Amino acid sequence: MDPRLAQDAAGLRKNAAVIMSMCLENGIPKERILIQMPATWAAIEAAKGLELEGLQTHLVDVYSYGQAVAAIDSGVSVLQLNVGRINDWYDRNPGAIRDPSGPRETQAMAKAGFAELENPGLPLVNKIYNYIHHSSKGTKLIASGMRTKKEVVSLAGCDYLVVGEQILNSLAKTSTLEGYNDGLHASGNDDGMKAAMSPDQAAGAEVERVRVDASNFKDALGLIGSDLLDADVKRAVEDATRLEPIFLNRVGGQE
Amino acid sequence: MDALERFSCVICDSLTLASEGQRLKSASVSRRLLAGIMANPTSFGRMKFSIEQARMYQNEDLGIRSGFSKTQLQVTKAMVNVAGLLLESSVEQTGRVGVDGIISSSFSCRSVLGARCSVLGARCSRLTTIDGSLRRCPSRWIRAWRRTRRG
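Residues numbered from 1 in each chain as written. Chains lettered and ligands numbered in written order. Predicted model: local features only at pLDDT ≥ 70, side-chain atom pairs only at ≥ 80, totals over all residues.

## Structural notes on the overall build of chain A
Right, so step 1: Check the secondary structure of chain A and you find 10 helices and 5 strands.
Right, so step 2: Going through the 255 residues of chain A one by one, you find that 43% of them count as buried. (Helix = DSSP H or I, 4+ residues; strand = E, 2+ residues; numbered from the N terminus. Buried ≥ 20, exposed ≤ 12 C-beta atoms within 10 Å, placed from the backbone.)

Here it is as structure tokens:
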């Protein structure tokens, strides 16, 4: 494994070509394959080319708005944020400002135990969703890593929510007001849940316009993006390094 | 859950391959998944076989064109084989499989959708469907359509 290829867009495209060629050998249509890549600048560039060739790309490890905008503008099919990891990062870095546009008092009060700290990943999902729909981009947004039911519900409206089994079970057991006749409402359709985001809301929302290119991508990533993206990539490389010897020696497992 | 699924498509990140009888909406194949399959002593027989088959894979032309080593090609082939099996047996007709294509050439790649679980299971409601282009159809439309049908 050569870490020097980390920023190698051509290498990524070559790899995608290998996968697609093998898919053809196996009779798998390309429409049913998503090429997953971490959202590095090289991957964003590679994704742009792959999408133009008609392949669908799925960028993961998105942790900042600028990074997401760069990916969306390059036309990726699917973009995935892990809100749980974003919150973990802020927990590990208490000095980082969770909401630069919000009042500083909120964070101070939360630290003092008088308020609850909001997961900064949740407004980020909303912001990115608004950007996608405001700009009429075709990218689909996936939010994952939600740790509580409240977090999941607060993202209602996001294209896809990847949720843990425990929370799913808990959601399935939670009752809503649907079907409950309190005698005050003519319609039985109101179950008390509202979409936190929708294409209509997004169309009317104000979106922050940023222009991201190779020169300012690092700045667009920010400290959190750089930290988490590097860690993810490093872990993936370790996985790969571990796998190959196992693959060569012990494919049959221990059966 | 039904209320939430009216607005979003909800996917479980922890449905295992063993849960039979349930078609998955999407799945994701990665090196981590391959390692998991290989390390499992009791199940995934077909998948192990398809991985084993990949060890025999040879395509010199592809190797020359891509610059990949034989092992890199074989590991990629194993992922594609598993992806094919998932599409054939576990994933819905309109679902897709994500293939982790990056690691060998890029020092970059991550395993799986969601919380690094191997396979994503669909938990979408009966009323919500996803077509081949990953578009969401709100269940209220379907309900309205059903109401109209009932007259």
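## Observations concerning the overall build of chain B
Right, so step 1: In terms of regular secondary structure, chain B is built from 8 helices and 4 strands.
Right, so step 2: Along chain B, helices and strands appear, N-terminal first, in the series α-β-β-α-α-α-α-β-α-α-β-α.
Right, so step 3: When the 151 residues of chain B are sorted by exposure, 54% land in the buried category.
Right, so step 4: Looking at chain B alone, contacts between residues at least 24 apart form 70% of all its contacts between residues at least 6 apart. (Contact = placed C-beta atoms within 7 Å.)

## Examining the nonpolar core
Right, so step 1: Residues A:Ala71, A:Val125 and B:Val82 are the most contacted members of the largest nonpolar core, which totals 99 residues.
Right, so step 2: Other than its neighbours up to four places away in sequence, A:Ala71 contacts A:Ala39, A:Ile44, A:Ala47, A:Leu59, A:Val62, A:Val76 and A:Leu79. (Core = buried A, V, L, I, M, F, W, Y, C linked by C-beta atoms within 7 Å.)

## Overview of unusual backbone geometry
Right, so step 1: The phi angle at A:Asp61 is positive, at roughly 60°, despite the residue not being glycine.
Right, so step 2: Counting through the fold element by element, A:Asp61 comes out in strand E2 (residues 56-62).

## Some words on the environment of A:Glu31
Right, so step 1: Note on placement: A:Glu31 falls in the loop between helix H1 (9-25) and strand E1 (33-38).
Right, so step 2: For A:Glu31 and A:Gly54, which are 23 residues apart along the polypeptide, the C-alpha to C-alpha distance reads 8.5 Å.

## Comments concerning the packing of H1(A) against helix H5 (residues 70-89) of chain B
Right, so step 1: Two elements in contact, H1(A) and H5(B), have axes whose closest approach is 10 Å; the angle formed by their N-to-C orientations is 55°. When the axes of H1(A) and H5(B) are compared, the pair comes out oblique. As H1(A) packs across H5(B), the resulting crossing turns out to be right-handed. Residue-level contacts link A:Val18, A:Ile19, A:Met22 and A:Cys23 of H1(A) to B:Leu73, B:Thr76, B:Lys77 and B:Val80 of H5(B).
Right, so step 2: Counted by class, the contact of H1(A) with H5(B) contains 6 nonpolar, 1 polar and 1 charged residues. (Axes fitted to C-alpha atoms, helices over the stretch in contact; angles between N-to-C directions. Parallel < 35°, antiparallel > 145°, perpendicular 65-115°, else oblique. Left-handed = near helix turned anticlockwise from the far one by under 90°. Nonpolar A, V, L, I, M, F, W, Y, C, P; charged D, E, K, R; others polar.)

## With respect to the pairing of E1(A)
Both faces of the sheet carry side chains from a regular strand, because those side chains alternate between them.
All names here are of chain A.
Right, so step 1: Burial runs high along E1: 6 of the 6 residues are buried.
Right, so step 2: Taking every second residue as pointing to the same face, both faces of E1 are buried, with Ile-33, Ile-35 and Met-37 on one and Leu-34, Gln-36 and Pro-38 on the other.
Right, so step 3: Direction of pairing for E1 relative to E2: parallel, over a ladder of 5 bridges. Across the sheet, residue Met-37 finds its bridge partner in E2, namely Leu-59.
Right, so step 4: Crossover handedness for the path E1 to helix H2 (residues 41-52) to E2: right-handed. (Pairing = 2+ DSSP bridges. Right-handed = clockwise from strand over helix to strand, strands pointing away.)

## Looking at helix H3 (residues 65-73) of chain A
Residue and element names in this part refer to chain A.
Right, so step 1: The element H3 is extensively covered by neighbouring structure, given that 7 of its 9 residues are classed as buried.
Right, so step 2: Listed as buried for H3 are Tyr-65, Gln-67, Ala-68, Val-69, Ala-70, Ala-71 and Ile-72.
Right, so step 3: Among the residues trailing H3, Gly-75 stands out with phi positive, at a value near 85°.

## Let's talk about the packing of helix H2 (residues 31-39) of chain B against H5(B)
Packed helices, taken two at a time, are described by the angle between their axes plus the distance between the axes.
Residue and element names in this part refer to chain B.
Right, so step 1: For the pair H2 and H5, interaxial distance at closest approach is 10 Å and the crossing angle is 80°. Classified by the angle their axes make, H2 and H5 are roughly perpendicular. Each of Arg-31, Leu-33 and Leu-34 in H2 lies in contact with H5, whose residues at this interface are Val-75, Ala-78, Met-79 and Val-82.
Right, so step 2: Here the contact of H2 with H5 is built from residues that sort into 6 nonpolar, no polar and 1 charged.

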